[in-house]
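Now for the letters of each chain:
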Amino acid sequence: MSNLKKTKVITILVNLLIILSIATIIAFKFPYKSADKFSNPIENIADKLEINNINVPDESSKIDRNENGIPDPIDIVNSARKESEQKTTYKDAYYTGGYPPDGEGVCTDVIWRGFKGINISLKDLIDTDIKENMTQYKGVNGKPDPNIDFRRVLNQDTFFKNNCTSLTTELKEDNIDNLKEWQPGDIVVFIEGYEHIAIVSDKRDEDGIPYVIHNSHPSASEVRLSWFHNPIYGHYRWIY
């Protein structure tokens, strides 16, 4: 739960306690009054204290290049979400041919599997970009290995930085202008503390904070972006 949400909930509870205390005092002072006479005012006041949902505009691309009736960013999200729905087991291993079997993988596997939803092979694109821009890929260190390069966070980060639109790395919980910069299908990268990568979901909490789909021990899941305490290193959007 975000600090903003906690503050709202605490404020509501304190106000309700005050209201109930006042109602109790009135009930004792006027014992012959029906309790029903006090219930409606209390309910009305409580209704006014409800948390207001923040509605963040959907400004994601509506391009549908595979012509399946679903915008490409949502195709990416839906494809990635299969990882969280089936709870793909987190398993870090090296595979001849590069691809891990269905049902296991790491955070980077959520990304290339997500892009399969728009018929894009990230492996092929990353392998090609490495050949053309070898010195930019610190994770390769001059020795490319197609069996693993496309599954390394640093390599995916470099590829997206070279080929996507770079966006804000700030997340402001109560700022719609900032929150609408986080749209479905976006890529989020963490480097400081640990190397990790995730896809922004089309789901948000009541404060407008987007969820992300990722894979971390023990399995893939969908969590609020604010769940991460590490600073956001990169935020990218595919050029549809």
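Residues numbered from 1 in each chain as written. Predicted model: local features only at pLDDT ≥ 70, side-chain atom pairs only at ≥ 80, totals over all residues. Heavy atoms only, no water.

**Details of the packing of aromatic side chains**
Turning to step 1, where the next piece is worked out: Scanning the entire structure with this criterion turns up 10 aromatic pairs.
Turning to step 2, where the next piece is worked out: Relative to Phe-150, the ring of Trp-112 lies with its centre 6.2 Å away and its plane at 55 degrees, an arrangement referred to as tilted. Note that Trp-112 is positioned in helix H4 (residues 107-115) and Phe-150 in the loop between helix H5 (122-132) and helix H6 (153-163), a separation of 38 residues in sequence. The exposure classification of Trp-112 matches that of Phe-150, with both residues buried.
Turning to step 3, where the next piece is worked out: Ring centres of Phe-190 and Phe-228 lie 4.6 Å apart, and the angle between their planes is 25 degrees; on these two criteria the pair is classed as stacked. In this pair, Phe-190 is assigned in strand E4 (residues 187-190) and Phe-228 in the loop between strand E7 (219-224) and strand E8 (234-237), connecting sequence segments 38 residues apart. (Phe/Tyr/Trp six-rings, centres within 6.5 Å; stacked < 30°, edge-to-face > 60°. Helix = DSSP H or I, 4+ residues; strand = E, 2+ residues; numbered from the N terminus. Buried < 20%, exposed > 50% of the residue type's maximum accessible area, 1.4 Å probe, protein only.)

**Some thoughts on unusual backbone geometry**
Turning to step 1, where the next piece is worked out: With an omega dihedral of 10 degrees, the bond running from His-217 to Pro-218 counts as a cis peptide bond.
Turning to step 2, where the next piece is worked out: Phi is positive for Lys-87, which is not a glycine, with a value near 50 degrees.
Turning to step 3, where the next piece is worked out: Considering the arrangement of structural elements, one finds Lys-87 in the loop between helix H3 (72-85) and strand E1 (89-90).
Turning to step 4, where the next piece is worked out: Positioned with a positive phi, Asn-119 is a non-glycine residue whose angle comes to about 60 degrees.

**Describing the side chain of Asp-205**
Turning to step 1, where the next piece is worked out: Position of Asp-205 among the secondary structure elements: in the loop between strand E5 (196-204) and strand E6 (210-216).
Turning to step 2, where the next piece is worked out: Separated by 2.8 Å, the side chain of Asp-205 and the backbone nitrogen of Asp-207 make a polar contact.
Turning to step 3, where the next piece is worked out: Looking at Asp-205, its side chain comes within polar contact range of the main-chain nitrogen of Ile-209, at 2.9 Å.
Turning to step 4, where the next piece is worked out: In this structure Asp-205 touches Tyr-211 and Arg-224, once residues within four positions along its chain are discounted. (Polar contact = N/O pair within 3.5 Å; in protein donor to acceptor, adjacent residues only side chain to side chain. Contact = heavy atoms within 4.5 Å.)

**Quick notes on the nonpolar core**
Turning to step 1, where the next piece is worked out: Ranked by internal contacts, the top residues of the largest apolar core, which has 28 residues, are Ile-111, Phe-115, Leu-122, Phe-160, Ile-187, Ile-197 and Trp-238.
Turning to step 2, where the next piece is worked out: Those elements that place two or more of their residues in this core are H3, H4, H5, H6, E4 and E5.
Turning to step 3, where the next piece is worked out: Broken down by element, this core gets its largest block of residues, 5 residues, from H4.
Turning to step 4, where the next piece is worked out: Apart from the residues lying within four places of it in its own chain, the contact partners of Leu-122 are Ile-111, Trp-112, Phe-115, Phe-159 and Phe-160.
Turning to step 5, where the next piece is worked out: Within the second largest apolar cluster, 14 residues are counted, among which are Trp-182, Val-200, Val-223 and Ile-232. (Core = buried A, V, L, I, M, F, W, Y, C linked by side-chain atoms within 4.5 Å.)

**Describing the confidence of the model for the protein**
Turning to step 1, where the next piece is worked out: In this model, the protein carries a mean pLDDT of 86, and residues with pLDDT of at least 70 account for 78%.
Turning to step 2, where the next piece is worked out: Across residues 25-39 the pLDDT falls below 50, and counting only partners more than four positions away or on other chains, this stretch makes 2 contacts in the model.
Turning to step 3, where the next piece is worked out: Contacts for the low-pLDDT stretch residues 42-51, under 50 throughout, to residues beyond four places or in other chains number 11 contacts. (pLDDT = per-residue confidence, 0-100.)

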